[in-house]
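Chain and residue survey
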Amino acid sequence: MQRLKGWIKLTIKNILCKAFDRVYFAEAAVDSAFPYVVYMPDDENGCLISDNKKQSQAVNGTIDLFCRYESSFELFSYMQSVLNCNDISYRLNSTNYEREQGIVHFEWEIEAEVERWLT
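Okay, so let's go over this structure. Predicted, not measured: the structure shown is a model, and the values here were computed from it. (Residues numbered from 1 in each chain as written. Predicted model: local features only at pLDDT ≥ 70, side-chain atom pairs only at ≥ 80, totals over all residues. Heavy atoms only, no water.)

1. With respect to unusual backbone geometry
The peptide bond linking F34 to P35 adopts the cis configuration, its omega dihedral lying at -5 degrees. Considering the arrangement of structural elements, one finds P35 in the loop between strand 1 (23-25) and strand 2 (36-50). A positive phi angle, near 60 degrees, is found at D31, a position not held by glycine. Mapped onto the elements of the fold, D31 is located in the loop between strand 1 and strand 2. (Helix = DSSP H or I, 4+ residues; strand = E, 2+ residues; numbered from the N terminus.)

2. Looking at the nonpolar core
If you look at the biggest cluster of nonpolar residues, it comprises 23 residues, and the most contacted ones within it are I12, I63, L65 and M79. Those elements giving two or more residues to this core turn out to be helix 1 (12-19), strand 2, strand 3 (53-68), helix 2 (72-85) and strand 5 (103-113). Here the element with the most residues in this core is strand 5; it accounts for five residues. Discounting residues that sit within four places of it in the chain, M79 has contacts with L16, F20, V37, I63, L65 and W108. (Core = buried A, V, L, I, M, F, W, Y, C linked by side-chain atoms within 4.5 Å. Buried < 20%, exposed > 50% of the residue type's maximum accessible area, 1.4 Å probe, protein only. Contact = heavy atoms within 4.5 Å.)

3. Side note on the sheet that holds strand 4 (residues 89-98)
In spatial order, the strands read 1-2-3-5-4; together these five strands make up an open sheet with mixed pairing. Across the chains shown, the open sheet's two edge strands, defined by having one partner strand only, are strand 1 and strand 4. Direction aside, neighbouring strands of the sheet carry axes that sit 25 degrees apart on average. Summarising the sheet, strand 4 and strand 5 pair through nine bridges and their orientation is antiparallel. Across the sheet, the residue bridging to R91 is E109, located in strand 5. The strands touched by helix 1 within the sheet are strand 1, strand 2, strand 3 and strand 5, with strand 2 carrying the most contacts at an inclination of about 150 degrees. (Pairing = 2+ DSSP bridges. Axes fitted to C-alpha atoms, helices over the stretch in contact; angles between N-to-C directions.)

Have a look at this one:
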């Protein structure tokens, strides 16, 4: 499918900030209110090299969603819709429940072009 001329893909940060009120890179602020999201690139997944130059690069990373148990199923679905609508490939990596605090932690592994990681 051909993209419209001049169409610019949003960065991971912009996508998450449009969808959630509290978004952090690498580490959340102390005592952050729920829900909040933390994102971070991890490693290179693949690249295209031509004329001895890297022409494109795919980068893996994670997006973590921390929320109260009561809203966890709704926010889980919402996050996956946000990723799908913005052409971000993902895989649910883990789900953890912290009983003492009533918090659910979802972690998705994602893959995106390196340009989408730039802030």
